[in-house]
Amino acid sequence: MATKIFVNLPVRDLKTTELVINLKHDGKPEQFKLMPSADTGDPAGKSSRFTLKDADLVAHIEDADADAKMSVTINGKPYSGAIQHSHDHDNEK
């Protein structure tokens, strides 16, 4: 079973320190903070990929009843949106 979440943003020149996933499961809200994990091609000191090792988050994201949203501030501008889970697990290690 997977224990790590990867979120890849389609922008390389990011000035942000974390990405937040707000998840409602079993009627309770919970918040998870993913930290930068530089991807190949990211400029020094910046990251387009964020990760968190948390088996509970993985299990809840895969639950059909989970309501998950992410929020991130990029270069001073806030963004948020629903999370679409994908089973592309090529990055698991």
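This one's a predicted model, so the numbers in the text were calculated from it and none came from an experiment.

Asker: Mind showing me how you'd approach the overall build of the chain here?
Answerer: Counting its secondary structure elements, the chain contains one helix and six strands. Here the chain holds 93 residues, and 29% of them are scored as buried. Excluding contacts between residues fewer than 6 apart, the proportion of contacts in the chain whose partners are at least 24 apart in sequence is 59%. For the chain, the exposed area adds up to about 6,200 Å²; of that, 48% sits on carbon and sulfur atoms.

Asker: I keep staring at the pairing of strand β5 (residues 67–74) and nothing clicks. Help me out?
Answerer: A regular strand carries its side chains on alternate faces of the sheet. Relative to β5, strand β2 (residues 19–25) is paired through six bridges, and the arrangement is antiparallel. Bridge assignment links Leu 23 to a residue of β5, and that residue is Ala 68. Here six bridges tie β5 to strand β6 (residues 77–82), and the two strands are oriented antiparallel to one another. When the sheet's bridge partners are listed, Met 70 is paired in β6 with Gly 81. Following β5, the chain reverses through two residues before pairing antiparallel with β6; Asn 75 in that reversal takes a positive phi of roughly 50°.

Asker: Where do I start with the nonpolar core in this structure?
Answerer: For soluble globular proteins, the rule of thumb is that nonpolar side chains tend to be buried together. Ranked by size, the top nonpolar core spans 17 residues in total, and within it Ile 5, Leu 9, Leu 19, Ile 21, Leu 23, Leu 34 and Leu 57 carry the most contacts. For Leu 34, the residues in contact, after removing those within four places along its chain, are Ile 5, Val 7, Glu 18, Leu 19, Ile 21, Phe 50, Thr 51 and Leu 52.

Asker: Honestly, the environment of Lys 53 in this entry has me stumped. Any pointers?
Answerer: Within the secondary structure, Lys 53 sits in strand β4 (residues 49–53). What makes Lys 53 exposed here is its relative accessible area of 66%. Taking the C-alpha atoms as reference points, Lys 53 and Thr 3, 50 residues apart in sequence, are found 5.6 Å from one another. When near neighbours in sequence (up to four residues on either side) are disregarded, Lys 53 contacts Thr 3 and Lys 4.

Calculation rules
Here the residue index of a chain counts from 1 through its sequence in written order. In keeping with the model being predicted, local features are shown solely for residues with a pLDDT of at least 70 and side-chain atom pairs are shown and tallied solely at 80 or more, while totals for entire chains, interfaces and linings include all residues. With hydrogens and water set aside, each side-chain value is computed from the structure's full complement of heavy atoms. The numbering of helices and of strands both runs from the N terminus, where a helix is a DSSP run of H or I of at least 4 residues and a strand a run of E of at least 2. Three exposure classes are used, based on accessible area relative to the maximum for each residue type with a 1.4 Å probe and protein chains only: buried under 20%, partly exposed in between, and exposed over 50%. Here, residues are in contact when the closest pair of their heavy atoms is within 4.5 Å. Using the Shrake-Rupley algorithm and a 1.4 Å probe, accessible areas are obtained, with residue cover drawn only from the displayed protein chains. Only when DSSP finds a minimum of two bridges between them are two strands counted as paired. We define a nonpolar core as any set of buried Ala, Val, Leu, Ile, Met, Phe, Trp, Tyr and Cys residues linked to one another through side-chain atoms lying within 4.5 Å.

This is a description of form; function is not addressed.
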